[in-house]
Each structure stands twice: as structure tokens, then as C-alpha cells.
Amino acid sequence: MSTTLLFFSTKKTLGDNMIEMEEVYKKYPNGIVAANGISVSIKQGEFVYVVGPSGAGKSTFIKMMYREEMPTKGTIMINGVNLEKLKPNKVPMLRRQIGVVFQDFKLLPTLTIFENVAFAMEVIEEHPDHIKKRVMEVLALVGLKQKARMLPSELSGGEQQRVSIARSIVNNPKVVIADEPTGNLDPETSWEIMKIFEEINRNGTTLVMATHNREIVNAIKHRVIAIESGMITRDEQRGDYGYES
Amino acid sequence: MAMKANTLRRHVRESFKSLGRNGWMMFASVSAVTITLLLVGVFFVIMMNLNNVAKSIEEDVEIRVHIDVAASDEEQKALQSQIEKLKEVESVTFSPKEEELDNLITSLGEEGEAFTLFEQDNPLNDVFVVKTKNPTDTMKAAEQIEKMKFASKVKYGQGSVEKIFEVTSVGRNIGLILVVGLLFTAMFLISNTIKITIFARRKEIEIMKLVGATNGFIRWPFFLEGLWLGLLGSIIPIIVVGTTYYYAHGYLSEKLAGNFIQLLEFSPFIYQISGLLILLGALIGIWGSLMSVRKFLKV
């Protein structure tokens, strides 16, 4: 991958709505309102940054997409499926269409890199031969083919995040959701992670990324959705990070 | 939903791996199962033997119907078929008065000699010996027979029979309550120990859910783990109960020889007990682990 990729222009044909929220409210049992009437639609193939101060509701916004949290009011549609009407036993099917990447990687420390990624395929009962082939494929994509047999603890933070990205895309999800994926990484490593996200998005996967990283948002231009106090305060195509400090 | 062989293999592999990883927890859980099953096993052996004694006492209970001397042969036959028609009755055996006298003489031993005089002019009645299908129906059947014509006297050891039935039924119920109580204690012990191992693995469960594992898929390794724990826990109790019973049976049978108390034979009794312990171990283990994983499966 060359650095020119970083400034890759967004000449993509966008598809139908992948994520749609309509008047979504979320009030936690402790009284905190994390979503206060959010309406938004994200098309297939889009790359969206979600920015905003800590505690503004970014995580809740993202968690509602993969049904980790349910809205108190309002509708959420993912790839045409109404999450409210989704039966609990169908939630796994939804999750298989969505890859999730976290700030803290969420890798299993006792499993090797290969096993950590393969895990996501075993869970959906893929054939072992297929698993082996596909896992090596995605590990190559994130540049970790050589470290497949190592344990997460033997890898650097950036490498661990690449493993978690590999796991999120191994089942070819339609959407990848990342919650502060560069939050624990130094700037240089963060750029490497972004390269991989760009690559994933270029292949047509919708990408939603909550971030605090001003440099990245300002350098690699994409749609920016700003959330404050549970409301969308700004939604710009090719926007800026926008906050001072 | 049919599971693929590969998936099942994965679950089995995972369940063994997890046992290995949580060695001490496994030891604690297996110990809990072992102790419970040991208690249950010993208790069961005692209870089954007591039950057997009670049953043999109960089975000895019979109703003796004295046939009125005035009854003709036809009337006697009518009485017999009338008794046989009762739904509680299993069999009716005719015992002529000569036989009754012989029995009386033998049962009295030396003193019985004096009664041989009566052989000329037997004052006893002919008797129908009635057995009921279920010993506890004795009283009910006797009551009905009493009302019949030509049944001059109906005897079944009134008073003492009722007492025996009461004692055996109370004994059985207490035993059952104790066994059930023991089993529940064990289940909670196991569910708690496994809960600790699962607590350590909640991250794994969380990730499984995030990548789209169904609850069933997540449960399987835990289900198997519980099964292994239960089976492992039943080994020592089976050996201990089996060996102890083998020697105790040999020793006690000798002591009890000639007595009406009879112990259950080693085979097939101990095999049945072993089967029961294996089954209980498996059930306790599975139940315990599924109970503890349940909490972590909520979305």
C-alpha cells in the first residue's frame, strides 16, 4: 500500500441506505439521555466519521447500530431490517453483517492471532478449510501473515488493532463500525490503521468510525457527523473535525 | 438445526481446553459433585434396602377369609368368584380346613401335638387366602369381602398392617425429600463454581456475541464442560459405593441369615445404582453450567 492511498478521492458509487435512523431517543435507566432525536441515513459504501466531545453520545449512536443498545423510541433500519422488530434469536444474523472494531481491540489473550480471527468464522460454522484460507487472506491484507502463530501479547498495539480489524472483516460484512479505533495508538500507527480502513471502504464496505483524531479527520476527507448532547449538530460531506483544542 | 460434525468437534475440543485452563475450578466442581453423589449413593443404597424389606413385609400381608361352614359347594364357588371380581384382588387360593390344621400344628411345634386330636373332628373353617395387587389395598378389599355372604370371618392382621404401611410410607417420603435436597445443594454448588469460571470468560462470550454467535453455539462448550464435570464427579462415588456394598453385603448377609430381612443382591443392584449416579452426575453438571451461563447470554 502506498501513501497516495491516503489521499484517494471518494469517487464511489453509493448504494441504497445501509443505516437509517429516524427520531431515535435513548434514555438510560440512570436518567442520562444519550440520543435525543437522531435522524440520519448512511448509504452503502459511505465512509462516515462520528465526532463530538466525550459523553456526547457517540458510543451509544454506534452501539445502537449493532443492537448492543436498543433505542427508547424511534426506528433504526440496518440494511432494510428494522431492529426494533428483529427477534432476539435473529440478532446473531444481524451481527454477522456488521464488523465491529474497538478501542481496546477485544482480542482473546489465550488464542493465537490466527485463532482470534478464525474464531469469528467458527462461530458461524464455516468449513475449516475455508476458514484457514480466508483467515490467511485477511491477515495478509492487514500485513500480519507472518505473525499468525503469535499471541496478542507479543504484538504491538497497532498490530493488535490490525488483528481486530482482520476479525471484523473476515466474514465480509456489509458494514464495519469502529469505536475510536485509534484511541490507544500513536499517530504513526493510527495512519496505518486508516490505510486499512480506506482499503476496506474502497471495496464497497460501509464504514462508520467514531473518533477524536482531528488530524485524521482533517486529512482524509469523508462525511463528518458531529454529535453533541445526543443530537446531530453538524452533518457535512467531506467535513472537518471542527472542534477547537 | 442440525449441527455440522466440524462444529461438534470444535465444541468438544473447546470444552476440554477450558477444563484444562481452569484446573482448580474443575477440581472444585468435581469435588462438589463427588461429595454429593457419594452421599446420595450411600443414602440410596440404604433406602433401597429398607424399601426392599418394607416391600417383603408388605407382600406377606394376606387376607384370610373364613368360609361359613353352612356354605354349600356352589355357594363357596360363588363367594370365590365374587372375591376374584374385586379390582384390588390379585389371587384367591383355597385352603381346606385339614391344611389349616396342619399349618397350625406345625406352627405350634411341640405343643401342637395336642391338637392332633382334632384331626377326627376338625373345628376349623375352610379358608380363602386372598392376595391383593397392591398391598396397601388390603384394608379396602377386606372391607368389601366382609360384606359378602358366607364370609364368616375376615382377618388380615388388623391394626399391625396399618402401622407397617404407615411406617414404610413415612420412611420413603423422608428418604425422597433428603435425596432431592442433596441434589439441589449440589446443583447450586456446581452452578456457583462454574459461574466463577464463566465470569473469567465473559469477555470471550461477549466477543462471540459480537461476531454473531447464536446463544446455542455459545452454550454448547459449557454444556459439554458441565457434562464432563458431572461424569468425572461420579467416578469416585461409584467405586466407593460399589466396593463398600460388595463387602457389606457379604458380611451382613451372613449375620442376617435366616432372618426375614434380606439385602438386595450386589448384581444388578449396584449396576443400577452406578447408572443412576452417572445420570445424576451428568444432569447436575449440565444443569449447573447452563444455569451459570444463562446470565451472560442476555443481549
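Quantities reported herein were computed from a predicted structural model and do not represent experimental measurements. (Residues numbered from 1 in each chain as written. Chains lettered and ligands numbered in written order. Predicted model: local features only at pLDDT ≥ 70, side-chain atom pairs only at ≥ 80, totals over all residues.)

Colleague: Which residues make up the overall build of chain B, and what values do they have?
Modeller: When you go through chain B residue by residue, the secondary structure sums to nine helices and four strands. When the helices and strands of chain B are read in sequence order from the N terminus, they spell out α-α-β-α-β-α-β-α-β-α-α-α-α. Burial status across chain B gives 26% buried among its 299 residues. Look at the contacts in chain B between residues 6 or more apart in sequence, and 85% of them connect residues 24 or more apart. (Helix = DSSP H or I, 4+ residues; strand = E, 2+ residues; numbered from the N terminus. Buried ≥ 20, exposed ≤ 12 C-beta atoms within 10 Å, placed from the backbone. Contact = placed C-beta atoms within 7 Å.)

Colleague: Account for the overall build of chain A, with residues named and values stated.
Modeller: When helices and strands are tallied, chain A shows seven helices and 10 strands. Burial statistics for chain A: of 245 residues in total, 42% are counted as buried. Across chain A, every contact between residues at least 6 apart in sequence was considered, and the portion connecting residues at least 24 apart equals 70%.

Colleague: Could you give an account of the sheet that holds strand β2 (residues 89-95) of chain B, with specific residues and numbers?
Modeller: Backbone-to-backbone hydrogen bonds pair the strands of a sheet. The strands run either parallel or antiparallel. Residue and element names in this part refer to chain B. With antiparallel pairing, four strands are arranged side by side in an open sheet as β2-β3-β1-β4. The two strands at the open ends of the sheet, each matched to only one other strand, are β2 and β4 (151-155). Pairwise comparison of adjacent strand axes, ignoring direction, gives a mean angle of 20° for this sheet. Looking at chain direction, strand β1 (residues 63-67) and strand β3 (residues 127-132) are connected through four bridges and run antiparallel. The residue bridging H66 from the neighbouring strand is V127, located in β3. (Pairing = 2+ DSSP bridges. Axes fitted to C-alpha atoms, helices over the stretch in contact; angles between N-to-C directions.)

Colleague: Which residues make up the pairing of strand β2 (residues 33-43) of chain A, and what are the values?
Modeller: All names here are of chain A. Judged from the eight bridges that link them, strand β1 (residues 17-27) and β2 form a sheet pairing that is antiparallel. Each residue of the ladder has a partner; that of N17, found in β2, is K43. Between β1 and β2, which pair antiparallel one after the other, the connecting turn spans five residues, and G31 there sits at a positive phi close to 95°.

Colleague: Hey, could you go over the interface of chain B and chain A for me, with residue numbers and the actual values?
Modeller: Each partner contributes residues to the interface: chain B has 15 residues there, and chain A has 17 residues. If you list the elements that add at least two residues to the side of chain B that touches chain A, you get α1 (5-21) and α7 (202-210) of chain B. Its residues assigned to classes, the side of chain B that touches chain A comprises seven nonpolar, four polar and four charged. (Nonpolar A, V, L, I, M, F, W, Y, C, P; charged D, E, K, R; others polar.)

Colleague: Tell me about the packing of helix α3 (residues 113-122) of chain A against helix α4 (residues 128-141) of chain A, residues and numbers included.
Modeller: When two helices pack together, their arrangement is given by the angle between the helix axes and by the axis-to-axis distance. Residue and element names in this part refer to chain A. At a closest axis distance of 10 Å, the pairing of α3 and α4 adopts a crossing angle of 125°. Viewed along their axes, α3 and α4 adopt a mutual orientation that is oblique. Remark: the crossing between α3 and α4 carries right-handed chirality. Contacts between α3 and α4 pair F114, V117, A118, M121 and E122 from the former with I131, R134, V135, V138 and L139 from the latter. (Parallel < 35°, antiparallel > 145°, perpendicular 65-115°, else oblique. Left-handed = near helix turned anticlockwise from the far one by under 90°.)

Colleague: Describe in detail the sheet that holds β2(A), supporting the description with residues and values.
Modeller: Residues and elements named next belong to chain A. Read across the open sheet, the four strands follow the order β2-β1-β4-β5; overall the sheet is antiparallel. The two strands at the open ends of the sheet, each matched to only one other strand, are β2 and β5 (81-82). Where strand β4 (residues 73-78) meets β5, two bridges bridge the pair, whose relative direction is antiparallel. When the bridges of β5 are listed, I78 appears paired with V81.

Colleague: I'd like a rundown of the pairing of β1(B), residues and numbers included.
Modeller: Residues and elements named next belong to chain B. Here β1 shows a clear split, with I63, V65 and I67 buried on one side and none of R64 and H66 buried on the other. As paired elements, β1 and β4 share four bridges and run antiparallel to each other. Bridging across to β4, R64 finds its partner in K155.

Colleague: Go over the packing of α1(B) against helix α8 (residues 215-256) of chain B, please, and point to the residues and values.
Modeller: Residue and element names in this part refer to chain B. One can describe the packing of α1 onto α8 by two numbers: an axis separation of 8 Å at closest approach and a directional angle of 60°. With respect to their mutual orientation, α1 and α8 come out oblique. Seen along the crossing, α1 lies across α8 with a hand that is right-handed. Contacts between α1 and α8 involve H11, V12, E14, S15, S18 and L19 on the former and, on the latter, W220, P221, L224, E225 and W228. Of the residues that constitute the contact of α1 with α8, the class distribution is six nonpolar, three polar and two charged.

Colleague: Requested: an account of the confidence of the model for chain A, with residues and values cited.
Modeller: In the predicted model, chain A carries a mean pLDDT of 89, and 94% of its residues have values of at least 70. For the stretch residues 1-11 of chain A, pLDDT sits under 50, and the model shows nine contacts to residues farther than four places along the chain or on other chains. (pLDDT = per-residue confidence, 0-100.)

Colleague: Run through the nonpolar core, naming residues and quoting values.
Modeller: By size, the foremost hydrophobic cluster in this structure holds 101 residues, and its most contacted members are A:V50, A:V117, A:V135, A:A166, A:I177 and A:V208. Among the elements that take part in this core, α8(B) stands out by supplying nine residues, more than any other. Residues within four places of A:V50 in sequence aside, it is in contact with A:K58, A:F61, A:I62, A:V208, A:M209, A:A210, A:I225 and A:I227. (Core = buried A, V, L, I, M, F, W, Y, C linked by C-beta atoms within 7 Å.)

Colleague: Tell me about the environment of A:E137, residues and numbers included.
Modeller: As for its position among the elements, A:E137 is in helix α4. Of the residues examined, A:E137 has 12 C-beta atoms within 10 Å and is grouped as exposed.

Colleague: Could you give an account of the confidence of the model for chain B, naming the residues involved and the relevant values?
Modeller: All names here are of chain B. With 97% of its residues at a pLDDT of at least 70, chain B reaches an overall mean of 82. Here helix α6 (residues 160-200) is the element of chain B with the lowest mean pLDDT, 78, and α8 is the one with the highest, 89. Note on the complex model: pTM 0.70, ipTM 0.81.

Colleague: So, the environment of B:L182: which residues are in play, and what are the values?
Modeller: Residues and elements named next belong to chain B. Position of L182 relative to the elements: it lies in helix α6. Exposure remark for L182: the 18 C-beta atoms within 10 Å place this residue in the partly exposed category. Linking L182 and L37, residues 145 residues apart in sequence, is a C-alpha distance of 8.7 Å.

Colleague: Go over helix α9 (residues 266-297) of chain B, please, and point to the residues and values.
Modeller: Taking 1.5 Å per residue, 32 residues should reach 46 Å; α9(B) reaches 46 Å between its end C-alpha atoms and fits that length. Listed as buried for α9(B) are B:I270, B:I273, B:L277, B:L280, B:G281, B:I284, B:G285, B:I286, B:G288, B:S289, B:S292 and B:V293. (Expected span 1.5 Å × (residues − 1).)

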